[in-house]
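# Geometric and topological summary
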Amino acid sequence: MGEYAIFVIAYLLGAIPFAYFAGRYKGIDVRKHGSGNMGTTNAFRLLGAKLGVLVLIGDAIKGALAAYLGYHFFGPWGGIVAGLLAMTAHSWNPFFGFKPSGKGVASGFGIILILMPEITIIAIIIFVLVVFLTRYVSMGSVLGALAVGVLVFIFNEPLAYKVFAVIAVSGVVIRHRTNMQRVLKGTENRIIFK
């Protein structure tokens, strides 16, 4: 029974609020500024590139570690369950009243990096190209996620990974629906390359 504790660990890993800690370091509560999300994009916008990168790495690592633990003990299905638990805790953080707290892109990236590294590389390329051409991080996130959802079937990944892709990609798209509405209206924030 002891090995099932890794699912609790995976959930708690996902709940680590790296953006919140980074914001506190600079005297900023990220929940009260920008988009109000405790995620990578808001961290970049409010805290700058250096802390933003650290938040990105932290969020990706917690997803990757959760997926690794789940896979190590229970195989592919364990990997996706642990990964989804981490994404859920990141997106609705239990330490902040289960309010929407992140959109799961960085933690999801960490998960697929462990479970589907080849697909991850393609998704990253798509994300970077879209963001570079449009300067919309939200659009890059959505199209990168949709690419994962398509590629798992093209690459004929195990059923567990297909299930993960459908659930995770749906979650990312739904969480970005207001962003996409703003993109269509031309009111979505664009990133500025320096």
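Basis of the calculations
- Residues numbered from 1 in each chain as written.
- Predicted model: local features only at pLDDT ≥ 70, side-chain atom pairs only at ≥ 80, totals over all residues.
- Heavy atoms only, no water.
- Helix = DSSP H or I, 4+ residues; strand = E, 2+ residues; numbered from the N terminus.
- Rg over C-alpha atoms; globule rule 2.2 N^0.38 Å.
- Buried < 20%, exposed > 50% of the residue type's maximum accessible area, 1.4 Å probe, protein only.
- Contact = heavy atoms within 4.5 Å.
- Areas by Shrake-Rupley, 256 points an atom, 1.4 Å probe, with all protein chains shown as cover.
- Lys, Arg positive; Asp, Glu negative; His and termini not counted.
- Charge placed at Lys NZ, Arg CZ, Asp CG, Glu CD.
- Expected span 1.5 Å × (residues − 1).
- Polar contact = N/O pair within 3.5 Å; in protein donor to acceptor, adjacent residues only side chain to side chain.

Attention now goes to the overall build of the protein chain. What the protein chain contains, in helices and strands, is nine helices and zero strands. Written out in order from the N terminus, the α and β elements of the protein chain read α-α-α-α-α-α-α-α-α. Here the C-alpha atoms of the protein chain give a radius of gyration of 16 Å, agreeing with the 16 Å that 2.2 N^0.38 yields for 194 residues. Projected onto the principal axes, the alpha-carbon positions of the protein chain cover approximately 45 × 35 × 25 Å. Taking all 194 residues of the protein chain together, the buried fraction comes to 48%. Sequence-distant contacts in the protein chain: of pairs separated by 6 or more residues, those separated by 24 or more amount to 64%. Accessible area of the protein chain: about 10,100 Å², with a carbon and sulfur share of 71%. Charged side chains of the protein chain number 17 positive and 6 negative; the gap between the two group centres comes to 16 Å.

This part takes up helix α7 (residues 137-154). For α7, built from 18 residues, the straight-helix expectation of 26 Å at 1.5 Å per residue is met to within 8% by its first-to-last C-alpha distance of 25 Å. Of the positions making up α7, those classed as buried are V137, S138, G140, S141, V142, G144, A145, A147, V148, G149, L151 and V152. Once α7 ends, the next one or two residues include N156, with phi positive near 50°.

Locating N179 in the fold gives a position in helix α9 (residues 177-185). Owing to a relative accessible area of 7%, N179 belongs among the buried residues under this scheme. A distance of 2.4 Å separates polar atoms of two side chains, one belonging to N179 and the other to K103. Ignoring any residue separated from it by four or fewer positions in sequence, one finds N179 in contact with K103, S138 and E188.

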